[in-house]
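Residues per chain are reported as follows:
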Amino acid sequence: MSTCSVYYDSPVGRLRLFASGRGITAIRFADSRPVRQEAGEEETPLLREAVRQLAEYFEGKRRRFELSLDLPGTDFQKRVWQALLAVPYGETRSYGQIAVAAGSPKGARATGMACNRNAVSIIVPCHRIVGAGGQLVGYAGGMERKRWLLAMERKCKDASVNL
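Each value, and the rule that gives it
- Residues numbered from 1 in each chain as written.
- Predicted model: local features only at pLDDT ≥ 70, side-chain atom pairs only at ≥ 80, totals over all residues.
- Heavy atoms only, no water.
- Helix = DSSP H or I, 4+ residues; strand = E, 2+ residues; numbered from the N terminus.
- Buried < 20%, exposed > 50% of the residue type's maximum accessible area, 1.4 Å probe, protein only.
- Phe/Tyr/Trp six-rings, centres within 6.5 Å; stacked < 30°, edge-to-face > 60°.
- Lys NZ or Arg CZ within 6 Å of the ring centre and 35° of its normal.
- Pairing = 2+ DSSP bridges.
- Salt bridge = Lys/Arg side-chain N within 4 Å of Asp/Glu carboxyl O.

Asks: With reference to specific residues and values, describe unusual backbone geometry.
Replies: One non-glycine residue, Ile 122, lies in positive phi territory at about 80°. Its place among the elements puts Ile 122 in the loop between α4 (108-116) and β6 (129-130). The exposure class assigned to Ile 122 is buried, which follows from its relative accessible area of 1%.

Listed below in structure tokens is the structure:
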């Protein structure tokens, strides 16, 4: 099955989105780690929709993504990614809390590795995961982007509460 990709210039930098015929397979910060998948740049309806939803997210209008995902991984990784999707917009959880939610209470380190393997950053919100004491740790896109995403979500969440 072929993979297609498009670029999207977001407030946190240029993103490259990848999709298969089954769903979004990856979102990479174009200036960070190398992209392992080779794909031609081709806009598909799914990629157009993903860009639209990301734009809404960055405008503070979208809190959950409604996109098909095509994410290969272990059963544990998939449970972690599902737990990440359950973390509310504008909030954070610790790796330990995600490990418990994924059914592996002693698996905080393994949860960290599953977060590191999350191929669809922002959509599966690994930026909302923090260390046990609430400290910001690890993010494939860099700590400045993690801080920015969390601050943007908190600001938008607070603004909607005060309406």
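Next, the rest of the story.
Asks: Residues and numbers for the packing of aromatic side chains, please.
Replies: Scanning all chains against the criterion turns up 6 aromatic pairs. Ring geometry for Tyr 57 versus Tyr 89: centroids 6.3 Å apart, planes at 85°, classification edge-to-face. Linking Tyr 57 in helix α1 (residues 45-58) with Tyr 89 in the loop between α2 (75-85) and β5 (93-94), this pair joins segments that are 32 residues apart in sequence. The same class applies to Tyr 57 as to Tyr 89, namely buried. Of the aromatic side chains, those joined through ring pairs into one cluster are Tyr 8, Tyr 57, Phe 58, Phe 65, Tyr 89 and Trp 148. A cation over an aromatic ring shows up here: Arg 14 above the ring of Tyr 7, its NZ or CZ 4.3 Å from the ring centre.

Asks: Residue-level account of the pairing of strand β2 (residues 13-19), with values.
Replies: β2 sits mainly inside the fold: 5 of its 7 residues count as buried. Pairing of strand β1 (residues 4-10) with β2 involves 7 bridges; the strand directions are antiparallel. Looking at β2, one finds that Asp 9 is bridged to Arg 14. The turn linking β1 back onto β2 is made up of 2 residues. Pairing analysis gives 5 bridges linking β2 to strand β3 (residues 24-29), with the strands arranged antiparallel. Opposite Phe 18, over in β3, you have Ala 26 as the bridge partner. Taking the residues that link successive antiparallel strands as the turn, the β2-β3 hairpin has 4 residues.

Asks: I'd like a rundown of the pattern of salt bridges, residues and numbers included.
Replies: Summed over the entire model, instances satisfying the criterion amount to 10 salt bridges. Note that Glu 49 is salt-bridged to Arg 52, the shortest N-O span being 2.5 Å. Residue Glu 49 and its partner Arg 52 are both found in helix α1; the two are separated by 3 residues, about one turn of the helix. Counted as one network, the salt bridges with shared partners bring together Glu 49, Arg 52, Glu 56 and Arg 62.

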